[in-house]
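Close look at the chain arrangement
What follows is each chain in one-letter form.
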Amino acid sequence: MRIYCEKDYDAMSRRAACVIAAQVVSKPDCVLGLATGSSPVGTYKQLIQWHKQGDLSFREVRSVNLDEYYGLAPDHDQSYRYFMQANLFDHVDIVPENTNVPDGLAKDPAAECARYEQVAADLGYADLQLLGMGRNGHIGFNEPCAEFPLATHLVDLTESTIEANARFFASADDVPRQALTMGIGTIMKARKILVVVSGADKADAVLKAFAGPITPEVPASILQLHPDVTLVGDESALSKLTGAKG
Ligand code: F6R
């Protein structure tokens, strides 16, 4: 595992954007696995800037997002489809048809999960999967549980995740209670994984995930078994991980 310890969120974002840009430059038609949330916003901003400067093109890139709230329409301003349009897709030259996010309004969630897993499989899974991490160690919306879920599935969000995400909604009551998420198996099929973490409130989760036992109680701990992981964090998030260096 490579660890980059950066001084703050902006430096973390630039470093993560470098890793993604390197992927896109070395394989222009790559498959990017993408994430939402606060962690990758700065990374996407940097990628947009490089695109606007003429240094980076997403014309041939295909993308597959990790997850979507179940019950939110794509044009709901807290849906993950909306997030991706607003924070990346609308500002770069990616072809809209080449972007994939689970359908939060699917009538049959099990069928939607099977369809989405097939989309990822047909793309050959991600060349590079970008991940944020929850304070409870979740990746995608794979919450702590008894067994690592393999494929895309419908998940009940934990109180800790609902509480953490309530900041984006009018109140915690408005946060959807379920989500469609890639499974741990889907994520682990990516050729490379890039994790971005910032802030002191992630320090315990980082420690447990990367220096603790591998357990579905800390879903990100499975990444210790992946052969190509890059962890990019700011100093606060990595503060409890010994041996981290920039
Ligand atoms: C988002 C996702 C989540 C977030 C995680 C961290 O697509 O799958 O796992 O990465 O909840 O969220 P932030 O970055 O907002 O702290």
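Our subject is the structure listed above.
Residues numbered from 1 in each chain as written. Predicted model: local features only at pLDDT ≥ 70, side-chain atom pairs only at ≥ 80, totals over all residues. Heavy atoms only, no water.

Around the ligand lies a shell of 14 residues, among which Ser39, Asp67, His138, Gly140 and Lys202 are the nearest. Residue serine 39 places a side-chain N or O atom 2.5 Å away from an oxygen atom belonging to the ligand. Between the ligand and the protein, one listed contact pairs an oxygen atom with a backbone N or O atom of glycine 140 at 2.7 Å. Look at the ligand: alone it shows 410 Å² of surface, and the protein chains cover 94% of it. Taken together, the residues of the shell around the ligand break down into 3 nonpolar, 8 polar and 3 charged. (Near = heavy atom within 4 Å. Polar contact = N/O pair within 3.5 Å; in protein donor to acceptor, adjacent residues only side chain to side chain. Areas by Shrake-Rupley, 256 points an atom, 1.4 Å probe, with all protein chains shown as cover. Nonpolar A, V, L, I, M, F, W, Y, C, P; charged D, E, K, R; others polar.)

Within the structure shown, the criterion is met by 9 salt bridges. Here glutamate 112 makes a salt bridge to arginine 115, at a shortest N to O gap of 2.8 Å. Here glutamate 112 pairs with arginine 115, and both are found in helix H4 (residues 109–122), just 3 residues apart, close to one helical turn. Between aspartate 127 and arginine 191 there is a salt bridge, and its shortest N-O distance comes to 3.0 Å. Here aspartate 127, found in the loop between H4 and strand E6 (128–131), pairs with arginine 191, found in the loop between helix H6 (184–188) and strand E9 (192–197); they are 64 residues apart in sequence, far enough to count as distant. Each of the salt bridges in this network shares a partner with another, and the network as a whole consists of Lys27, Asp127 and Arg191. (Salt bridge = Lys/Arg side-chain N within 4 Å of Asp/Glu carboxyl O. Helix = DSSP H or I, 4+ residues; strand = E, 2+ residues; numbered from the N terminus.)

Running from amino to carboxyl end, helix H2 (residues 41–52) crosses helix H3 (residues 80–87) at an angle of 40°, the nearest separation of the two axes being 10 Å. The orientation of H2 relative to H3 falls into the category oblique. Contact with H2, carried on its side by Val41, Tyr44 and Ile48, involves Phe83, Met84 and Asn87 of H3 and no other residues of that element. (Axes fitted to C-alpha atoms, helices over the stretch in contact; angles between N-to-C directions. Parallel < 35°, antiparallel > 145°, perpendicular 65-115°, else oblique. Contact = heavy atoms within 4.5 Å.)

So, about the pairing of strand E3 (residues 62–65). Here strand E2 (residues 31–34) pairs with E3 via 4 bridges, running parallel. The partner of glycine 33 across the bridge, within E3, is valine 64. Handedness of the crossover joining E2 and E3 through H2: right-handed. Where E3 and strand E5 (residues 99–100) come together, 2 bridges link them in parallel fashion. Within E5, the residue paired with valine 64 across the bridge is asparagine 100. (Pairing = 2+ DSSP bridges. Right-handed = clockwise from strand over helix to strand, strands pointing away.)

The next thing to look at is the environment of asparagine 87. With respect to the helices and strands, the residue asparagine 87 is situated in helix H3. A relative accessible area of 21% places asparagine 87 in the partly exposed class. Taking the C-alpha atoms as reference points, asparagine 87 and leucine 150, 63 residues apart in sequence, are found 29 Å from one another. Excluding anything up to four places from it in sequence, asparagine 87 contacts Val41, Tyr44 and Ile48. (Buried < 20%, exposed > 50% of the residue type's maximum accessible area, 1.4 Å probe, protein only.)

Here the focus is unusual backbone geometry. Residue tyrosine 125 is not a glycine yet carries a positive backbone phi of 65°. In this structure, tyrosine 125 sits in the loop between H4 and E6. Look at tyrosine 125 and you get buried, because its relative accessible area is 16%.

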